[in-house]
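Summary of the model geometry
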Amino acid sequence: MAGTDQQDNGRGLWYGVAAYGIWGLFPLFWPLLEPGAADDILANRMVWSLVAVVLLLIAQRHWGWIRPLLRQPRRLAMLAGAATVISVNWGVYIWAVNAGHVVETSLGYFINPLVTIGFGVLVLKERLRTAQWTAVGIGAAAVVVLTVAYGQLPWIALTLALSFATYGLLKKQVGLSGLESLAAESAFMFPFALGYLVYLEVSGRGTFGHTVAGSYGWGHSGLLMLSGVITAVPLLFFGAAAVRVPLTVLGLLQYLAPVFQFLIGVAVFHESMPPARWAGFGLVWAALALLTWDALRQVRADRAARAAAVPQPAPVAAAAPEAATEAVTR
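Below you will find a few notes about this structure. (Residues numbered from 1 in each chain as written. Predicted model: local features only at pLDDT ≥ 70, side-chain atom pairs only at ≥ 80, totals over all residues. Heavy atoms only, no water.)

1. Looking at the side chain of Asp40
For Asp40, the position within the fold is in helix α2 (residues 38-60). Buried charged residue Asp40 carries no salt bridge. Nearest counter-charge: Arg205, at 7.7 Å. Here Asp40 is in contact with Leu197, Leu200, Arg205, Gly206 and Thr207, once residues within four sequence places are set aside. (Helix = DSSP H or I, 4+ residues; strand = E, 2+ residues; numbered from the N terminus. Buried < 20%, exposed > 50% of the residue type's maximum accessible area, 1.4 Å probe, protein only. Lys, Arg positive; Asp, Glu negative; His and termini not counted. Salt bridge = Lys/Arg side-chain N within 4 Å of Asp/Glu carboxyl O. Contact = heavy atoms within 4.5 Å.)

Shown next as C-alpha cells:
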C-alpha cells in the first residue's frame, strides 16, 4: 500500500511539473500567433478555450455540477468577476510577451504570492507571522527598487500580480475545480469574445480564417484554435497533481512558471537586465525564499502538534501475582 501511495505521489509530482512547465513556456507560444494583435489573440483564446473545455467535459461526462451552480446567484456573480479579472490578466500577459516584456511578466508571477498574502490580511483578516510580514516588506522594497530601475512603476508586473491574486481569491470563494471553473468563466466571456471577433472581422482587423501571402497562412488559424487546448491541458495536469501531492509541494512548484518565463526572457529574447533590475529581482527572490522557509517550518510545526495531540494507547497492565496464583490453584 505504501508503494502504491509513493507511486501516486510521484505521478502527482510530474503532473505538477507538467502544469507549471507548460505555463512557464507560454512566452514561446504567443509570438507564434503574430501578426495577430493581442486583442485578436485574446478573443480567439476565450472562444477556443470554451470549445476545448466542452469537449473535455463531454469526454468525462462531467455535467452534474452545472445545475446546482445555476441555482446560486452569488457564486455565479463571483465567477463573472473571476472571468473578468482573468481576461485582464490574459490580455496584459499576451500583449506584454509580444511587446518584449517577458522578464516583467515573470516578475508579476514572482510577486503574486506576496500580493496574495496582502489580500489575506486586507480581505480575509488573516494574521501574519513575523517572517511573512518581513517577506511582504522586502517585496515592497523590491517594487521601489524596480520602479527606479524601470523609470516607472512596473505596471505590467503589478497588473498581472493583482489580477491573478484577485482571481485566486474569487476562485477560493467559489470552490470549483480548475476545469469546472474554466468552463464557467469561458461561458461567461464567450458571447463578448465571439462578438469582438465579429467586430474584428467586419473592421478588417481579424486574422482567423484569413491568409496573407508572405505573412501568414492557414497554419495561423490552426494555432489560434490551439490556444484553447493549451489553456485547458495544463489545468488538467494541475487538477491531477492537486489530488496527489501536498499543498506545500504545489506551493513550491508554482515558482517553476516564473522561473521559466524569466529564463526565456533573458536567454531566448535577450531582454535587458541592468544591475538595478537584478537588485530588484534579488529582493523578490529573497522574500520568496523567506516565505518558503517559513511555510515549511510551519508545516513541520503543525505535524508535530498533530502527532502530540494523538492519544497514546494505555499500557497493558501486568496481571497481579495474587490473581495468577489464584488461577493456578483453580
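Having put the structure on the table, let's press on.
2. Section: the packing of aromatic side chains
As enumerated under the stated definition, the model contains 18 aromatic pairs in all. Centre to centre, the rings of Tyr20 and Phe238 are 6.1 Å apart; their planes meet at 85 degrees, and the pair counts as edge-to-face. Taken together, the positions of Tyr20 in helix α1 (residues 2-25) and Phe238 in helix α9 (residues 218-242) put the pair 218 residues apart, joining distant regions of the chain. Plain terms: the ring middles of Trp95 and Trp155 are 5.8 Å apart, the flat faces sit at 35 degrees to each other, and that makes the pair tilted. Linking Trp95 in helix α4 (residues 73-98) with Trp155 in helix α7 (residues 155-174), this pair joins segments that are 60 residues apart in sequence. Since its relative accessible area comes to 38%, Trp155 is described here as partly exposed. Within the aromatic cluster, the residues linked to one another by ring pairs are Phe110, Phe262, Trp278, Phe281 and Trp285. Cation over ring: Arg45 sits above Trp90, and NZ or CZ is 3.9 Å from the ring centre. (Phe/Tyr/Trp six-rings, centres within 6.5 Å; stacked < 30°, edge-to-face > 60°. Lys NZ or Arg CZ within 6 Å of the ring centre and 35° of its normal.)

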